[in-house]
Amino acid sequence: DIAQDADFLREVLWKLRVCGEVRICWTCIGHTRAEMQGEATAAFLKKYGYSAEYILGGDVVVKAGKEVR
């Protein structure tokens, strides 16, 4: 759960600052778990205003900068 993994979140945010975009890919054997993790990660990042797009299969693309509301 990304919400409980501060190191993972710090790494994602650092890579956003450096690269402008981060693609998170899950290497789970089961697609169901990867999809659940992808949906949860995108929802968590969106909750804090980041542009996070969930892609079918579990991958998440996060763009630098916060969404304009």
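The residue numbers shown here count from 1 along each chain, following its written sequence. Whole-chain, interface and lining totals are the exception, using all residues; otherwise, since this is a predicted model, local features are given only for residues with pLDDT of at least 70 and side-chain atom pairs are given and counted only at 80 or more. Each side-chain value is derived from all of the structure's non-hydrogen atoms; neither hydrogens nor water enter the calculation.

Where charged atoms from two side chains of opposite charge come close, those side chains can pair. Should a side-chain nitrogen of Lys or Arg be within 4 Å of a carboxyl oxygen of Asp or Glu, the pair is scored as a salt bridge. Per the counting criterion, the structure on display carries two salt bridges. One salt bridge connects Asp 7 with Arg 10, and the closest N-O pair in it is separated by 2.4 Å. Of the two residues, Asp 7 and Arg 10 are both situated in helix α1 (residues 6–19); the distance of three residues between them amounts to about one turn of the helix. Pair check on accessibility: Asp 7 and Arg 10 agree, each one exposed. Lys 15 is the partner of Glu 11 in a salt bridge, and the nearest nitrogen-oxygen pair spans 3.0 Å. Separated by four residues within a single helix, Glu 11 and Lys 15 lie in helix α1, roughly one turn from each other. For every residue, the accessible area (1.4 Å probe, protein chains only) is compared with the maximum for its type, and the residue is labelled buried under 20%, exposed over 50%, or partly exposed between those bounds. Among the residues examined, Glu 11 registers a relative accessible area of 40% and is labelled partly exposed. A relative accessible area of 32% places Lys 15 in the partly exposed class. Only DSSP runs of H or I covering at least 4 residues are called helices, and only runs of E covering at least 2 are called strands; the numbering of each starts at the N terminus.

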